[in-house]
Amino acid sequence: VAREAREAGVAGLSLAVLLGTSRHGDFALRGGWRRVTLTVPTNDTLGVVAAALSLARAQFEAGVVYSKAGVVLSSLTPVAAATLSLFAAPDATAVPAGVDTVLDAVTARFGRQAQRVGGQGLSAAWQSRQQELSPAYTTDWQQLCRVKAG
């Protein structure tokens, strides 16, 4: 989300996190949205991740099976026109300005899966078997796997 905002030259003042459950089953009415208004518009990767984790932790319920999650950065404004807060305290954990540039360069060179923020993705308890997918599994019926029962 933050990288896409930087590419567009915008920063967001509002961040929302969605934790969704299946429409079918015992947890259909759980999940939902949480939103926070940030003190200053941002497109900083680590700041967006920190705010999103805080919202997700507040919304998470142990034992509930979630089927999707999402992060939305809104109230977008051009970076050049972003208004800073007069009363915001200086952030002692502020990330140096070049960190996002380095993260973007690594992503551009090696792809989105080349790096992780914090412990993201360390446990791979379940993964789809990508080697079983055909190159056109969403568009070509002839390339779908055939299963025989019995």
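Since the structure is predicted, the reported quantities are computational estimates derived from the model, not experimental observations. Residue positions are counted from 1 within each chain, in the order its sequence is given. Per-residue local features of the predicted model are confined to residues with pLDDT of at least 70, and side-chain atom pairs are confined, for both listing and counting, to 80 or more; whole-chain, interface and lining totals are unaffected and use all residues. Think of the side-chain values as coming from all heavy atoms in the structure, minus any hydrogens and water.

### Quick notes on the overall build of the protein
- Numbering of helices and strands runs from the N terminus, with a helix taken as a DSSP run of H or I at least four residues long and a strand as a DSSP run of E at least two residues long. Helix and strand counts for the protein come out as 3 helices and 3 strands.
- Scanning the protein from its N terminus toward the C terminus, one meets helices and strands in the order α-β-β-α-β-α.
- Three exposure classes are used, based on accessible area relative to the maximum for each residue type with a 1.4 Å probe and protein chains only: buried under 20%, partly exposed in between, and exposed over 50%. Burial status across the protein gives 22% buried among its 150 residues.
- Should any heavy atoms of two residues lie within 4.5 Å, those residues are considered in contact. Looking at the protein alone, contacts between residues at least 24 apart form 75% of all its contacts between residues at least 6 apart.
- Accessible surface area values rest on a Shrake-Rupley calculation with a 1.4 Å probe, where residue burial reflects the displayed protein chains alone. When the accessible area of the protein is evaluated, it comes to approximately 11,400 Å², of which 57% is carbon and sulfur surface.

### Side note on the environment of Lys68
- Mapped onto the elements, Lys68 comes out in strand β3 (residues 66–78).
- When its relative accessible area of 51% is taken as the criterion, Lys68 is described as exposed.
- Taking the C-alpha atoms as reference points, Lys68 and Leu19, 49 residues apart in sequence, are found 6.1 Å from one another.
- Ignoring anything within four residues of it in the chain, the contact list for Lys68 reads Leu18, Leu19 and Gly20.

### Side note on helix α2 (residues 45–59)
- Under the convention used throughout, the expected extent of a helix is 1.5 Å for every residue step, that is, one less than its residue count. Over its 15 residues, α2 extends 21 Å from the first C-alpha to the last, a length consistent with the 21 Å expected when each residue adds 1.5 Å.
- Elements in contact with the buried residues of α2: α1 (2–8), β1 (10–21), β2 (32–42), β3 and α3 (99–110).

### A look at α3
- End to end, α3 covers 16 Å across 12 residues, agreeing with the expected 16 Å (1.5 Å per residue, within 8%).
- Burial in α3 covers these residues: Asp100, Leu103 and Thr107. Considered in projection along α3, the buried side chains sweep an arc of 60° and stay on one side of the axis. Turned more than 90 degrees away from the buried face of α3, the exposed residues are Thr101, Val102, Ala108, Arg109 and Phe110.
- Immediately downstream of α3, the backbone of Gly111 shows phi near 100°, a positive value. The arc in question is the one traced by the directions running from the helix axis out to the C-beta atoms.

### Some points on the nonpolar core
- Only buried residues count toward a nonpolar core, which is a set of Ala, Val, Leu, Ile, Met, Phe, Trp, Tyr and Cys residues joined through side-chain atoms within 4.5 Å. Counting 12 residues, the largest nonpolar core is built from Ala2, Ala5, Val10, Leu15, Val17, Leu38, Val48, Ala51, Ala52, Leu55, Ala56 and Leu73.
- Looking at this core, the elements with two or more residues in it are α1, β1 and α2.
- For this core, the element with the most residues is α2, which contributes 5 residues.
- Contacts of Ala51, omitting those with residues within four sequence positions, involve Leu15 and Leu38.

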